[in-house]
Amino acid sequence: MDTRLEVDVLIFPDKVKIASPEELSEWELESASQVSIPAVRLFVALYPYNPAAMSPNHEMAAEELPFVPGQIIKIFGDTDSDGFYHGESGGLSGYVPSNMVDEIPVDDEYLKHLLMQQGFLPVDHSDMSLTPDLSEVASISDDVVVQRMVALFDYDPWESSPNIDSEVELGFRSGDIIYVLGDMDQDGFFYGDLHGHRGLVPSNYLQALPWN
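First, a word on what this report is: a plain description of the structure on this page. (Residues numbered from 1 in each chain as written. Predicted model: local features only at pLDDT ≥ 70, side-chain atom pairs only at ≥ 80, totals over all residues. Heavy atoms only, no water.)

### Description of the sheet that holds strand S13 (residues 197-202)
Part 1: Across the sheet, five strands lie side by side as S13-S12-S11-S10-S14; this open sheet has antiparallel pairing. Edge strands, defined here as strands with exactly one partner in the open sheet, are S13 and strand S14 (206-208). Strand after strand, the sheet turns through a mean of 45 degrees between neighbouring axes, direction not considered.
Part 2: Where strand S10 (residues 146-151) lies against S14, three bridges are found, and the strand directions are antiparallel. When the bridges of S14 are listed, valine 150 appears paired with glutamine 207. (Pairing = 2+ DSSP bridges. Helix = DSSP H or I, 4+ residues; strand = E, 2+ residues; numbered from the N terminus. Axes fitted to C-alpha atoms, helices over the stretch in contact; angles between N-to-C directions.)

What follows is the structure, encoded as structure tokens:
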């Protein structure tokens with residue numbers, strides 16, 4: 001009858017030793033601590049990116065991540081030789097061109113978690129710096145319900161408006177944070193506030209953005 005005994009051993013330069021459960025556990029912990037885990041950083045998109053139309057390498061476009069200005073992207077590690085990060089946002093993952101994004105200077109893990117839940121940050125297109133999203137809202141009546149929304153596309157009332165009185169509408173760019181005052185009207189427009197300027201905004205260009 002063939003009986004075999006399986007044991008774990010530790011191999012040293014000068015000997016081989018049968019490992020005790022305590023020694024084996026200590027070795028596993030030490031080995032795990034030496035495994036390199038890519039640093040996770042948060043970036044914000046500065047420009048819109050559609051890989052199918054904009055990728056410098058069309059063969060790799062399907063593996064790249066599309067995004068809009070203001071979108072927060074979780075980045076793993078450093079850029080590759082082509083200048084691309086590997087990132088994740090909105091349930092999708094893929095390669096991210098480094099010249100289209102900017103790092104958000106935050107180290108606190110809880111704050112990172114909150115930012116990822118928020119999903120978007122307003123982007124100041126004049127100098128490409130991150131701007132606060134609450135300080136620029138003008139005072140409004142206490143009984144008006146305020147919603148925070150993010151623009152999904154650029155909107156120029158003079159070119160895109162279906163209305164004759166386009167001068168009462170508010171122009172905006174993709175990624176802008178717009179504060180909607182009250183309910184949508186019968187034409188599908190909200191009354192919104194952007195950097196202190198107010199006007200009608202088309203609801204189909206916007207997406208709700210939670211406050212927390």
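### Brief notes about the sheet that holds strand S7 (residues 101-103)
Part 1: Spatial ordering of the open sheet is given by S6-S5-S4-S3-S7, a layout of five strands whose pairing is antiparallel. Because the sheet does not close on itself, it has two edges, and the strands there are strand S6 (92-97) and S7. Neighbour to neighbour, the strand axes of the sheet diverge by 40 degrees on average, direction disregarded.
Part 2: Summarising the sheet, strand S3 (residues 40-45) and strand S4 (residues 72-76) pair through five bridges and their orientation is antiparallel. Note on S4: the bridge partner recorded for phenylalanine 43 is isoleucine 73.
Part 3: This element, helix H3 (residues 109-118), spans S3, S4 and strand S5 (84-89) of the sheet and lies at about 35 degrees to S3. (Contact = heavy atoms within 4.5 Å.)

### Looking at the pattern of salt bridges
Part 1: Inspection of the entire model under this criterion finds three salt bridges.
Part 2: As a salt-bridge pair, arginine 41 and aspartate 78 come within 3.5 Å of each other at their nearest N and O atoms. One end of the pair, arginine 41, is in strand S3; the other, aspartate 78, is in the loop between S4 and S5, and 37 residues separate them in sequence.
Part 3: Judged by its relative accessible area of 63%, aspartate 78 is exposed.
Part 4: Arginine 198 is paired through a salt bridge with aspartate 193; the nearest N and O atoms lie 2.9 Å apart.
Part 5: On the accessibility criterion, arginine 198 (33% relative accessible area) is partly exposed.
Part 6: Linked through salt bridges whose partners overlap, the residues forming this network are Arg41, Asp78 and Glu103. (Salt bridge = Lys/Arg side-chain N within 4 Å of Asp/Glu carboxyl O. Buried < 20%, exposed > 50% of the residue type's maximum accessible area, 1.4 Å probe, protein only.)

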